[in-house]
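Architecture and fold: a report
Each chain, written out:
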Amino acid sequence: YSNRAEYIRHAPGYPVLRSQCVAATFEASSNLDEFAEYLRGRYDIAAIVPFNEPTVASARTLAEALTLNWSQSAVIQRFRDKYLLKEHLRREDPTLRLNATCKVSTADDVAQARREPEFARFVLKPNDGFGNRNIAMFDTESNIRDIEKYLHTTGPVLMEEYIGGTEYFVNGQIDAVGQTTVIAIFEYERIKANGRTNIDRSTQRLSYLNPLFAQLSAYCSQVVGASGLRRSPFHLELKVDAGGPCLIEVAARLPGLGNA
């Protein structure tokens, strides 16, 4: 554990972590290199598995410190930089449908970018964000002061072309040779609440028998394969409109909310 408050909050929900299935438990919130040296002398570590988005970077650091041949430093780094990851996917597989993206830091950056047709409606989000947090939607008519206010409340920001349609998330695994296995696909139900327009209300599992399952699985395999990720679980979010599937985000980690 690297965060005591998170441990206190979440550990009671996972009693298996206090069972004989677990060899040892540690709190390591400071020097991961020293912690890796401690582990190396006592355990045979095969891999580091990040369970949520904030742990992806530290899992990479720990895997490197343990000199695991499983570690993919450059690949994992891209997964914590939304802009870099989508640019990589464009280069690796030009046939992939991806929405337009750019990095912005000022309202002038946004004003200039939204002159382009693809940004007639757009989303601003933290470039390293997660969990549907601090996401704002604007268009060409949006007040520039509202945009300035948003930019003052977060760090590096990604500006993305807005994609309509229905949103889904996909949980799966990719192996050592780039073969993906999709475990489950869920459809989001999003509602307006508390002054927000994009709040998760519920999810509905998509049946394996639904023809859309095969289409979304194929698209996900194309995305995750092109990402360079290997031997890892993944959690991918996409939207489907008249143009078919389009990637929203993809994460190199276990799925959340008990799905793992």
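Residues numbered from 1 in each chain as written. Predicted model: local features only at pLDDT ≥ 70, side-chain atom pairs only at ≥ 80, totals over all residues. Heavy atoms only, no water.

Within helix α5 (residues 82-92), the full set of buried residues consists of K82, L85, K86, H88 and L89. On an axial view of α5, the arc spanned by its buried residues comes to 155°, and they lie on one face. Along its buried surface, α5 packs onto α4 (73-78), β1 (101-104), β2 (121-126), β4 (157-161), α8 (211-227) and β9 (244-251). (Buried < 20%, exposed > 50% of the residue type's maximum accessible area, 1.4 Å probe, protein only. Helix = DSSP H or I, 4+ residues; strand = E, 2+ residues; numbered from the N terminus. Arc of directions from axis to C-beta. Contact = heavy atoms within 4.5 Å.)

This next bit is on the packing of aromatic side chains. Within this structure, the stated rule accounts for eight aromatic pairs. The interplanar angle of 75° and the centroid separation of 5.6 Å between the aromatic rings of F26 and Y38 together place this pair among those described as edge-to-face. Residue F26 is located in the loop between α1 (4-10) and α2 (32-40), and its partner Y38 is located in helix α2; the two are separated by twelve residues in the primary sequence. With a relative accessible area of 24%, F26 lands in the partly exposed category. (Phe/Tyr/Trp six-rings, centres within 6.5 Å; stacked < 30°, edge-to-face > 60°.)

One can find T181 in strand β6 (residues 180-193). T181 sits 69 residues away from Q112 along the chain, and the two C-alpha atoms are 41 Å apart. Other than its neighbours up to four places away in sequence, T181 contacts N171, G172, Q173 and F234.

This part is about the nonpolar core. Counting 30 residues, the largest nonpolar core has L229, L236 and L238 as its most contacted members. Elements with a minimum of two residues in this core: α4, α5, β5 (166-174), β6, α8, β8 (232-241) and β9. It is α8 that contributes the most residues to this core, eight residues altogether. Counting residues in hydrophobic clusters, the runner-up holds 16 residues, among them V110, F119, F138 and Y150. (Core = buried A, V, L, I, M, F, W, Y, C linked by side-chain atoms within 4.5 Å.)

Within the secondary structure layout, A36 lies in helix α2. Take A36: its relative accessible area is 0%, and that puts it in the buried class. For the pair formed by A36 and T61, sequence separation is 25 residues and the distance between their alpha carbons is 9.5 Å. With near-sequence residues (within four places) excluded, A36 lies in contact with L62, A65 and L66.

Let us look at a nonpolar patch on the surface. Taken together, the side chains of Y1, Y7, I8, Y14, V16 and L17 define a hydrophobic patch exposed on the protein surface, amounting to about 550 Å² of accessible area. Here Y1 is to be found in the segment before α1. (Patch = residues over 30% accessible without salt bridge, like charges linked within 9 Å, V, L, I, M, F, W, Y side chains within 5 Å. Areas by Shrake-Rupley, 256 points an atom, 1.4 Å probe, with all protein chains shown as cover. Salt bridge = Lys/Arg side-chain N within 4 Å of Asp/Glu carboxyl O.)

If you walk through the whole model with that rule in mind, you get eleven salt bridges. Across the pair R80 and E53 runs a salt bridge, and its minimum N-O distance is 3.2 Å. One end of the pair, R80, is in the loop between α4 and α5; the other, E53, is in the loop between α2 and α3 (56-65), and 27 residues separate them in sequence. Here E53 falls in the buried class, since its relative accessible area comes to 6%. In this structure, E160 engages K125 in a salt bridge whose closest nitrogen and oxygen atoms are separated by 3.0 Å. With E160 in strand β4 and K125 in strand β2, the pair connects residues that are 35 residues apart, well separated along the chain.

We now examine the pairing of β4. Counted residue by residue, β4 has four buried out of five residues, so it is predominantly covered. Bridge analysis of β1 against β4 gives four bridges, and the strand direction is antiparallel. Within β4, the position partnered with V104 by the bridge is V157. (Pairing = 2+ DSSP bridges.)

Another aspect to go through is the packing of α5 against α8. Working note: a packed helix pair is described by the angle between its axes plus the distance between those axes. It is at 9 Å that the axes of α5 and α8 come closest, and there the two elements cross at 100°. With respect to each other, α5 and α8 are oriented roughly perpendicular. Listed contacts from α8 to L85, H88, L89 and E92 of α5 are V223, A226 and S227. A class-by-class count of the residues in the contact of α5 with α8 yields four nonpolar, two polar and one charged. (Axes fitted to C-alpha atoms, helices over the stretch in contact; angles between N-to-C directions. Parallel < 35°, antiparallel > 145°, perpendicular 65-115°, else oblique. Nonpolar A, V, L, I, M, F, W, Y, C, P; charged D, E, K, R; others polar.)

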